[in-house]
Amino acid sequence: MIQCFLLALITASSATVSGVSESAVDSISEYDEVLNEVVVTGVRAPKLLKNTPVQTTLITSKMIERSDATDIEDLLQEEIPGVEFSYAMNQQVHFNFGGFGGQGVLFLVDGERLVGETLDDVDFGRINMSGVDRIEIVRGASSALYGSNAVGGVINVITKIPEKKWHVGADIRYGRHNNLRYGLNLQYRNKIVANTLSGNYSRIDTYDVHSAADPATRVITQIYGNRTLNVRDQLVVTPFEGLKFTARAGYYLREIPRIVDTPERYRDYSGGLKGQWDISDKHKLEVSYAFDQYDKSNYMKISGMDVRNYSNVQNSIRAIYNYTDSRGDILTLGGDYRYDYLNNTKIDNGAKHEANADVFAQYDWIIDDKWELVGAARYDYFSKGDVSRVTPKISARYRPSYNTNVRMAYGMGFRTPTLKEQYYNFDMAGIWIVEGTPSLKPEMSHNFNGSFDWWYRNYSFTVTAYYNHIIDRIATGLPYSKVEDPMQLYLKYVNLAPYDIMGGEATVEGRWSNGLSAKLSYALTHEVFAKDKDGNPTNNQYIPARKHSLTARLDWNKTFAKDFDMTIGVNGRYLSGVTNIEYKDYYDLSAGTIDVRYPAYTLWKLSGSLMFRNRYKLTLALDNLFNYKPKYYYLNAPLTDGANFMVGLSVNID
Amino acid sequence: MTTALRSYTTWLHILLATLALQSCTGILSGVYDEPSEDEVITVAGQLYIDASDWGKWHYIDLQQVADSTAANPDFNPSGLWTSFDIPVKEITDDNTRDGIYTYWYDVFGSGLSVNEFRSFYPTAPQPQPQKWSIAVHRNNVRTNGAAVAATDFRNFDEIPQDKSYINSLVFQKDTWSESEVWCEQSRMLLGLIGNQGIMINKVLSSWLKVDLPPIPPAFTMYDTVFIIRLDDGSYGALQLVNYQSQTGTKCCLTINYRYPI
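Residues numbered from 1 in each chain as written. Chains lettered and ligands numbered in written order. Predicted model: local features only at pLDDT ≥ 70, side-chain atom pairs only at ≥ 80, totals over all residues. Heavy atoms only, no water.

**Student:** So what exactly am I meant to see when it comes to the overall build of chain A here?
**Tutor:** Broken down by element type, chain A carries seven helices and 40 strands. If you line up chain A on its principal axes, its C-alpha atoms span 80 × 55 × 50 Å. Every one of the 654 residues in chain A was classed for burial, and the buried ones make up 58%. Restricting to contacts in chain A with at least 6 residues of sequence separation, those with at least 24 account for 62%. In the form shown here, chain A has an accessible surface area of approximately 26,000 Å², with 58% of it arising from carbon and sulfur atoms. Positive and negative charge centroids in chain A, built from 71 and 76 side chains respectively, lie 3 Å apart. (Helix = DSSP H or I, 4+ residues; strand = E, 2+ residues; numbered from the N terminus. Buried < 20%, exposed > 50% of the residue type's maximum accessible area, 1.4 Å probe, protein only. Contact = heavy atoms within 4.5 Å. Areas by Shrake-Rupley, 256 points an atom, 1.4 Å probe, with all protein chains shown as cover. Lys, Arg positive; Asp, Glu negative; His and termini not counted. Charge placed at Lys NZ, Arg CZ, Asp CG, Glu CD.)

**Student:** Teacher, can you tell me more about the overall build of chain B here?
**Tutor:** In terms of regular secondary structure, chain B is built from three helices and 18 strands. Counting all 261 residues of chain B, 49% fall into the buried class. Taking the contacts inside chain B whose residues are at least 6 apart along the sequence as the reference set, 66% of them involve residues at least 24 apart. Here chain B displays about 12,600 Å² of accessible surface, and carbon together with sulfur accounts for 51% of that area.

**Student:** Sorry, what's going on with the interface of chain B and chain A here?
**Tutor:** When the parts come together, some accessible area is lost, and that loss is often what is quoted as the size of the interface. Facing the 49 residues of chain B at the interface are 48 residues of chain A. Carbon and sulfur atoms make up 69% of the area that chain B and chain A hide from each other, which totals about 4,300 Å². Here chain B and chain A share zero salt bridges between them. Taken together, the connections running from chain B to chain A amount to five residue pairs in polar contact (both at pLDDT 80 or more). (Buried area = accessible area lost by both parts, 1.4 Å probe. Salt bridge = Lys/Arg side-chain N within 4 Å of Asp/Glu carboxyl O. Polar contact = N/O pair within 3.5 Å; in protein donor to acceptor, adjacent residues only side chain to side chain.)

**Student:** Honestly, the side chain of A:Asp336 in this entry has me stumped. Any pointers?
**Tutor:** Residues and elements named next belong to chain A. Counting through the fold element by element, Asp336 comes out in strand β20 (residues 330-344). The exposure class assigned to Asp336 is buried, which follows from its relative accessible area of 13%. Polar contacts involving the side chain of Asp336 include one to the side chain of Arg318, which spans 2.6 Å. Contact partners of Asp336, with chain neighbours within four places excluded, come to Ile317, Arg318, Asn356, Ala357, Asp358, Phe360 and Arg378.

**Student:** Looking at this structure, I do not really get the pattern of salt bridges. What am I missing?
**Tutor:** Pairing is possible between side chains of opposite charge, provided their charged atoms come close. All names here are of chain A. Applying the stated criterion to the full structure yields 51 salt bridges over all chains. Between Arg265 and Asp306 there is a salt bridge, with the nearest N and O atoms lying 3.0 Å from each other. With Arg265 in strand β17 (residues 264-278) and Asp306 in strand β19 (residues 305-324), this pair connects stretches of sequence that are 41 residues apart. Judged by relative accessible area, Arg265 falls into the buried class, the value being 15%. A relative accessible area of 4% places Asp306 in the buried class. Residues joined in a network through salt bridges with shared partners are Arg66, Asp68, Glu78, Glu79, Arg173, Lys519, Arg553, Asp555 and Lys605.

**Student:** Explanation requested: the state of the cysteines in the structure shown.
**Tutor:** As used here, a disulfide is simply a covalent bond connecting the sulfur atoms of two cysteines. All chains considered together, the criterion is met by zero disulfides over all chains. Free cysteine B:Cys252: the closest other cysteine sulfur is in B:Cys251, separated by 7.6 Å. (Disulfide = S-S within 2.5 Å.)

**Student:** Which parts of the structure should I look at to understand helix α5 (residues 72-79) of chain A?
**Tutor:** Since the α-helix advances by 3.6 residues per turn, residues separated by three or four positions end up pointing in the same direction. Within α5(A), seven of the eight residues are buried, leaving the element largely enclosed by the surrounding structure. Residues of α5(A) that are buried include every one of A:Ile72, A:Glu73, A:Leu75, A:Leu76, A:Gln77, A:Glu78 and A:Glu79, and no others.

**Student:** What's the story with unusual backbone geometry in this structure? I'm lost.
**Tutor:** Note: most peptide bonds trans; most residues except glycine with negative phi. The amide bond that connects B:Tyr259 to the next residue, B:Pro260, takes the cis arrangement and shows omega of -10°. Examined against the element boundaries, B:Pro260 turns out to sit in the segment after β18 (250-258). With a phi close to 50°, A:Leu119 is a non-glycine residue in the positive phi region. The topology assignment puts A:Leu119 in the loop between β7 (112-113) and β8 (132-139).

**Student:** So what exactly am I meant to see when it comes to the environment of A:Tyr459 here?
**Tutor:** Residue and element names in this part refer to chain A. Relative to the helices and strands, Tyr459 is located in strand β28 (residues 459-471). Through-space distance from the C-alpha of Tyr459 to that of Val508 is 7.3 Å; in sequence the pair is 49 residues apart. Polar contacts involving the side chain of Tyr459 include one to the side chain of Trp512, which spans 3.5 Å.

**Student:** What exactly am I supposed to notice about the side chain of B:Arg142 here?
**Tutor:** Residue and element names in this part refer to chain B. Structurally, Arg142 is set in strand β7 (residues 140-143). One buried charged residue, Arg142, forms no salt bridge at all, with the nearest opposite charge on Asp174 at 5.4 Å. Polar side-chain contacts of Arg142 include one of 3.4 Å to the side chain of Gln128.

**Student:** Please explain the packing of aromatic side chains as it appears in this structure.
**Tutor:** Within the structure shown, the criterion is met by 37 aromatic pairs over all chains. Ring geometry for A:Phe85 against A:Phe95: centres 5.0 Å apart, planes inclined by 40°, an arrangement best described as tilted. Taken together, the residues A:Phe85 in strand β4 (residues 83-88) and A:Phe95 in strand β5 (residues 92-97) connect sequence positions ten residues apart. Pairwise contacts between aromatic rings join B:Trp54, B:Tyr101, B:Tyr103, B:Tyr105, B:Phe117, B:Phe120, B:Trp176 and B:Trp182 into one cluster. Just above the ring of A:Tyr490 sits the side chain of A:Lys482; from NZ or CZ to the centre is 4.1 Å. One cation-aromatic arrangement involves B:Arg229 over B:Phe171; the distance from NZ or CZ to the ring centre is 4.6 Å. (Phe/Tyr/Trp six-rings, centres within 6.5 Å; stacked < 30°, edge-to-face > 60°. Lys NZ or Arg CZ within 6 Å of the ring centre and 35° of its normal.)

**Student:** Is there a simple way to think about the pairing of strand β34 (residues 548-560) of chain A in this case?
**Tutor:** Residue and element names in this part refer to chain A. The sheet contact formed by strand β33 (residues 516-527) and β34 spans nine bridges and is antiparallel. Note on β34: the bridge partner recorded for Tyr522 is Leu550. Alignment of β34 against strand β35 (residues 564-575), held across twelve bridges, turns out to be antiparallel. Looking at β35, one finds that Leu554 is bridged to Val570. Taken together, β34 and the strand that follows it, β35, pair antiparallel across an intervening segment of three residues, in which Ala561 is found at a positive phi of about 50°. (Pairing = 2+ DSSP bridges.)

**Student:** What am I meant to see in the nonpolar core here?
**Tutor:** Nonpolar side chains in soluble globular proteins generally cluster together in the buried interior. In terms of nonpolar packing, the biggest core is built from 40 residues, with A:Trp432, B:Tyr105 and B:Trp182 touching the most fellow members. Broken down by secondary-structure element, the contributors of at least two residues to this core are β16 (243-256), α7 (419-423), β26 (432-435) and β31 (485-495) of chain A together with β4 (99-106) of chain B. Counting residues in hydrophobic clusters, the runner-up holds 34 residues, among them A:Met63, A:Phe85, A:Val122 and A:Phe124. (Core = buried A, V, L, I, M, F, W, Y, C linked by side-chain atoms within 4.5 Å.)

**Student:** Would you take a moment to explain the sheet that holds strand β16 (residues 226-229) of chain B for this structure?
**Tutor:** Each strand in a sheet pairs with another by means of backbone hydrogen bonds, the pair being arranged parallel or else antiparallel. Residues and elements named next belong to chain B. Spatially, the six strands line up as an open sheet ordered β1-β18-β17-β16-β8-β9, and their pairing is antiparallel. Edge positions in the sheet fall to β1 (46-50) and β9 (172-173), since each has one partner strand and no second. Bridge count for β16 against strand β17 (residues 235-244) is four bridges, and the pairing is antiparallel. Residue Ile227 lies in a different strand from β17, and its bridge partner there is Ala237.

**Student:** Would you mind showing me how to read a nonpolar patch on the surface here?
**Tutor:** Residues and elements named next belong to chain A. On the surface, Ile172, Tyr174, Tyr182, Phe560, Leu610, Leu618, Leu620, Phe645, Val647 and Leu649 cluster together into a nonpolar patch covering about 840 Å² of accessible area. Counting residues per element, the ones that place at least two in the nonpolar patch are β10 (166-175), β39 (616-623) and β40 (644-653). Broken down by element, the nonpolar patch gets its largest block of residues, three residues, from β40. Judged by its relative accessible area of 37%, Tyr182 is partly exposed. (Patch = residues over 30% accessible without salt bridge, like charges linked within 9 Å, V, L, I, M, F, W, Y side chains within 5 Å.)

**Student:** Explain the environment of A:Thr118 here, please?
**Tutor:** Its place among the elements puts A:Thr118 in the loop between β7 and β8. In contact with A:Thr118, not counting residues within four places along its chain, are A:Gln92, A:Tyr266 and A:Lys296.

**Student:** Could you clarify how one ought to interpret the sheet that holds strand β9 (residues 153-159) of chain A in this entry?
**Tutor:** The five strands are arranged β3-β8-β9-β6-β7 (chain A) in an open sheet whose pairing can be described as mixed. The open sheet is flanked by β3 (57-59) and β7 of chain A, the only strands paired with a single partner.

**Student:** Even after reading the chapter, I still don't get the confidence of the model for chain A, so can you show me in this structure?
**Tutor:** Do not read the predicted coordinates in detail wherever pLDDT is low. Averaged over every residue, the pLDDT of chain A is 88; the share at 70 or more is 95%. Contacts from residues 1-29 of chain A, a stretch scored under 50 in pLDDT, to residues over four places away or in other chains number 32 contacts. (pLDDT = per-residue confidence, 0-100.)

**Student:** Explain helix α2 (residues 62-71) of chain B here, please?
**Tutor:** Residues and elements named next belong to chain B. Within α2 the residues assigned to the buried category are Leu62, Val65, Ala66, Ser68 and Thr69. Structurally, α2 contributes buried residues whose contacts are with β1, β2 (56-60), β16 and β18. Its side-chain oxygen at 3.1 Å from the backbone nitrogen of Gln63, Asp61 defines the N-terminal cap of α2.

**Student:** Could you clarify how one ought to interpret the environment of A:Leu75 in this entry?
**Tutor:** All names here are of chain A. Examined against the element boundaries, Leu75 turns out to sit in helix α5. Judged by relative accessible area, which is 0%, Leu75 ranks as buried. Between the C-alpha atoms of Leu75 and Met129, which are 54 residues apart in sequence, the distance is 9.3 Å. Ignoring sequence-local partners within four residues, the contact set of Leu75 consists of Ile59, Ile64, Ser67, Ala69, Met129 and Ile135.

Here's what the structure looks like:
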């Protein structure tokens, strides 16, 4: 299939040679459109993508639209090689990005953390795609700017701000297993006020999947359906130029009927206030407050009781000051205070809380036309365990010619043990009791990365490489029995021995004036298995990253008959097989380990849309184009039971 | 600048006021119900028992329940359950079939229906009270020489006064089981579960079904009304109406009963 795609890509580019020569300037400007997008995540200040000293991968609103992805999981897997969403125990979604899981990659929405976790991952369903403007991905340790949990990188989802006086958007989509999605987006703006109200409701049935006989390890037999409601409102008030206030509020509810008469409910209430004051051209100040509460409950239909068993509440305040001098150098000073409250029936003595305060400073130094250097340092203090850390980061961009960027960076990452990792006490159906360890050390990492960007006319080429050395990684250790309770297995959170993750990516992209665009990306991830401090293989509760992964995309956009705009695209991904070391007998570790092989797979999607008068859009998509069905539904198998034809309709009125 | 500063100060006050008002431990707790394990709410004609313990059978005498509630309508019959541990200590007895049968179940694959016998060791027989009608252990039910029939009724109000319908019911007595009464879970991760070898009533036990996978197990409750014919020839009606405690613990049984009918 990959060969077919490459052939198509070459054919497409050959077919457009004449088009390139006729409108080379247009072609360059097409690519410049992306390079001139403003990104904010890498240095916490607005920078053009081509100028930012911190290597940033950008998924623009156009890319989101043409990807036809209905959720963040689909989008990231389609656009970024090395990203994999699989299942962890109890069919909880687990994220892996080049060897880093949910605790190692920080997910932000408009710069704010998402609270709550299940098996170390945030609830990805909270990210309402209908309100997303763009996504910025910064790989490598970003703890110097974002603090704990940014050991492997930051994924920042930026939401839309109204551009037109008013806008009404509505969409509906239907797919296999009664997968229904409704979306609504209402926007209004005038000189002073801009408001966006977006809502999304989706549902899908539970369905059975069937594996062949004799699986090597556990398989999934049923994919649970869900119902999800996501509503968000954002109000921006600009009383006069230079002063802007933003208020937001959100509500999220997901219901999963793992047990039909006792569906699990996941709720989130979020809100925030932000003030941005451009004191002058040189001085900018931003102050913000954020509230986020993530609850889990079981709704027992028989008794009619909705009983909460988990609540994570976070209140945080932040101040950031930017000073830009006449040369364009930027000094950034900031600080946060965060109060974290966790009430979980599965932790010792119920509720726990923790406060975190930090200050950080960064200087972005434009040395000359070719060199730009950014240095940052952050000091964090955590009340629980009286832990403090200083994390530095330095990045450099070198531009030897107008169309080439070379970036290098070093960052120190750290992650403090979560309240769960310190105080958990959970009897997992008698299988084992998972116990927290209050004396855990913070996880530390040293990250080195480099990248090379080159773009010319219709083409761009990017290659990146990274190396991470991780110290004291926090994970569950090997099962053991206690002398006083010899029949019961226990799993304790421990610090692991140092280990390494390294890898790289290569992406080639082409855009042509005749509406064709193509992108091919490859990622290599080499994850050296972590061992415990006694040198034993660990009891990894997540399947490791796949060594090779590849994403490919080919799109064609054509406007005809003035009012009609048509887009046809095909995209796919390939993930190589992966071997995990698993113990033969968790009750007798001396029996040794076995290598469990999880097979490779490839999935492809064909989608097309027809837009009339820039208002009415009909979308047809065939996901899993080649009707792939996993032989075994292991935890990291794609959750498909065959080709999925989807039809969608949207209306957008301005 | 002064106006801007004033606006900013006002905004900051709003921010701090909001912050002060905002509970650090969360909002909207009223959305949820507050469970209480201590306050088990039952109505007349209802029994409650926490049968979640893998290692216990819980016994009740329906005649004693009937006598107690007849004498005092406010009497809570749930206090009449008596519990006995399942014997798990190995004994030397080559001639008994009482004991622990370890089976392997395909809990990570095809499910409980695919299983294999692995080992047996004898134990003492299950202790029990002198007088009892039914006993429950998680999703298992046994009777004291009784027989049970499933009906099409879903509510006690549907049970006719005329008992002639009983003649058309198919009653089943307890039968031997060595792979359903799970009592030992120390090697469950390998799919190995120790079962008590014991007589159970499979008709009445069908009111609560357990499936593995998924993990954790899925429970399915059936609201069938069962007619029980006790060994003295009297009849009663039983129906499982809930299998969870207020906090969601599975196998905490709320049973509607009518005895005698």
